[in-house]
Amino acid sequence: VDVEQEKARAAAAAAALVEDGMRVGLGTGTTVAHMLDALAARGLTIRCVATSPATEARARELGMTVESWATLDHFDIAIDGADQVDPDGWLVKGGGAAHTREKIVAAAADRFVVMADSTKPVDTLHAPVPVELLEYGLPATLRHLEHVKLRDVPRSPDGGVIADFLGTFDDPGELSDRLAATPGLVEHGLFPPKMVHDIFIARGDDVEHREIS
Ligand code: 5RP
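Source: prediction; values computed, not measured. (Residues numbered from 1 in each chain as written. Predicted model: local features only at pLDDT ≥ 70, side-chain atom pairs only at ≥ 80, totals over all residues. Heavy atoms only, no water.)

In a beta sheet, neighbouring strands are held together by backbone hydrogen bonds and run either parallel or antiparallel to one another. Ordered in space as S2-S1-S3-S6-S12-S13, the 6 strands form an open sheet in which the pairing is mixed. Edge positions in the open sheet fall to strand S2 (47-50) and strand S13 (206-211), since each of these has one partner strand only. The average angle at which neighbouring strand axes cross in this sheet is 20°, direction not considered. Examined bridge by bridge, strand S1 (residues 23-26) and S2 share 4 bridges and lie parallel to one another. Opposite glycine 25, over in S2, you have valine 49 as the bridge partner. Contacting S1, S2, strand S3 (77-80) and strand S6 (112-116), helix H4 (residues 99-107) crosses the sheet at an angle of about 150° to S3. (Pairing = 2+ DSSP bridges. Helix = DSSP H or I, 4+ residues; strand = E, 2+ residues; numbered from the N terminus. Axes fitted to C-alpha atoms, helices over the stretch in contact; angles between N-to-C directions. Contact = heavy atoms within 4.5 Å.)

This is the structure we're talking about:
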């Protein structure tokens, strides 16, 4: 399987949803990089906000207009990758340490579109689940969170400490609630199906379009 080609196929399908004049939230990662190419090739006039310095730099190189939240605070569409996608539409994100920004952008979009290659679908979500932690009080936060390991590439785009939850779990909703209730935890990488509208899953030459909510 050529995973890069699958990423490009899922990316092309997602980029095709963008229309002239739209406000677009741009995710982070290697699949998003393909999507930026596909989007730029369409030559649309769109307004964008980026979820990471890498995405912002690449979008600008391609001639796209990247704004800040001061001028753009709501999106017609947001497009991003994922690390895991389950059959119900739950996601694990944050492999690129940008999940806090990505969740803010996803939640501010009328339509959140996810792109996945064939390595991303799973029967049940599993560790690692990325978490962003505040530097302040870190030893106490880590004591509350069992089974969490600090990452080697330890910072989010906003300076937060990035770690991975490595424990087992059956119910992503229950783990979401537990992580979100931990003082000092800024955001976790579990995205619920109600936040997700479309998932494009590329397998070889095929792209499956799942409509979630
Ligand atoms: C970044 C993310 C990415 O969307 C996720 O890691 C997938 O990345 P890639 O497209 O490179 O496989 O959540 O924080």
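Right, picking up where we left off after that structure.
On to the side chain of aspartate 117. Looking at the element boundaries, aspartate 117 is found in the loop between S6 and strand S7 (129-133). Relative accessible area serves as the criterion here: at 0%, aspartate 117 is assigned to the buried category. Of the polar contacts made by the side chain of aspartate 117, one reaches the side chain of threonine 119; its length is 2.4 Å. Apart from the residues lying within four places of it in its own chain, the contact partners of aspartate 117 are Val3, Glu6, Lys7, Ile201 and Ala202. (Buried < 20%, exposed > 50% of the residue type's maximum accessible area, 1.4 Å probe, protein only. Polar contact = N/O pair within 3.5 Å; in protein donor to acceptor, adjacent residues only side chain to side chain.)

Below, the discussion takes up a nonpolar patch on the surface. Nonpolar side chains collect at one region of the surface, where Leu134, Tyr136 and Val186 lie side by side and expose about 350 Å² of accessible area between them. Structurally, the position occupied by leucine 134 is in the loop between S7 and helix H5 (138-144). For leucine 134, a relative accessible area of 46% puts it in the partly exposed group. (Patch = residues over 30% accessible without salt bridge, like charges linked within 9 Å, V, L, I, M, F, W, Y side chains within 5 Å. Areas by Shrake-Rupley, 256 points an atom, 1.4 Å probe, with all protein chains shown as cover. Salt bridge = Lys/Arg side-chain N within 4 Å of Asp/Glu carboxyl O.)

Moving on, we come to the packing of helix H1 (residues 3-15) against helix H2 (residues 30-42). One way to put it is that H1 packs onto H2 with a least axis distance of 8 Å and a crossing angle of 50°. Considering the angle they form, H1 stands oblique to H2. In terms of crossing hand, the pair formed by H1 and H2 is right-handed. Contact residues: H1 offers Glu4, Lys7, Ala8, Ala11, Ala12 and Ala15, while H2 offers Thr30, Thr31, His34, Met35, Ala38, Leu39 and Arg42. Considered class by class, the residues forming the contact of H1 with H2 number 7 nonpolar, 3 polar and 3 charged. (Parallel < 35°, antiparallel > 145°, perpendicular 65-115°, else oblique. Left-handed = near helix turned anticlockwise from the far one by under 90°. Nonpolar A, V, L, I, M, F, W, Y, C, P; charged D, E, K, R; others polar.)

All right, on to the sheet that holds strand S9 (residues 161-165) then. Pairing within the open sheet is antiparallel, and its 4 strands lie in the order S8-S9-S7-S10. Among the strands making up the open sheet, the edge pair consists of strand S8 (148-155) and strand S10 (185-188). Averaged over all neighbouring strand pairs, the angle between strand axes comes to 30°, with direction disregarded. The pairing of S7 with S9 spans 5 bridges and is classified as antiparallel. Paired with glutamate 132 across the bridge in S9 is isoleucine 162. Against the sheet, H4 touches S7, S9 and S10, its axis set at about 70° to S10. Of the strands in this sheet, S7, S9 and S10 are in contact with helix H6 (residues 172-180), which crosses S10 at around 160°.

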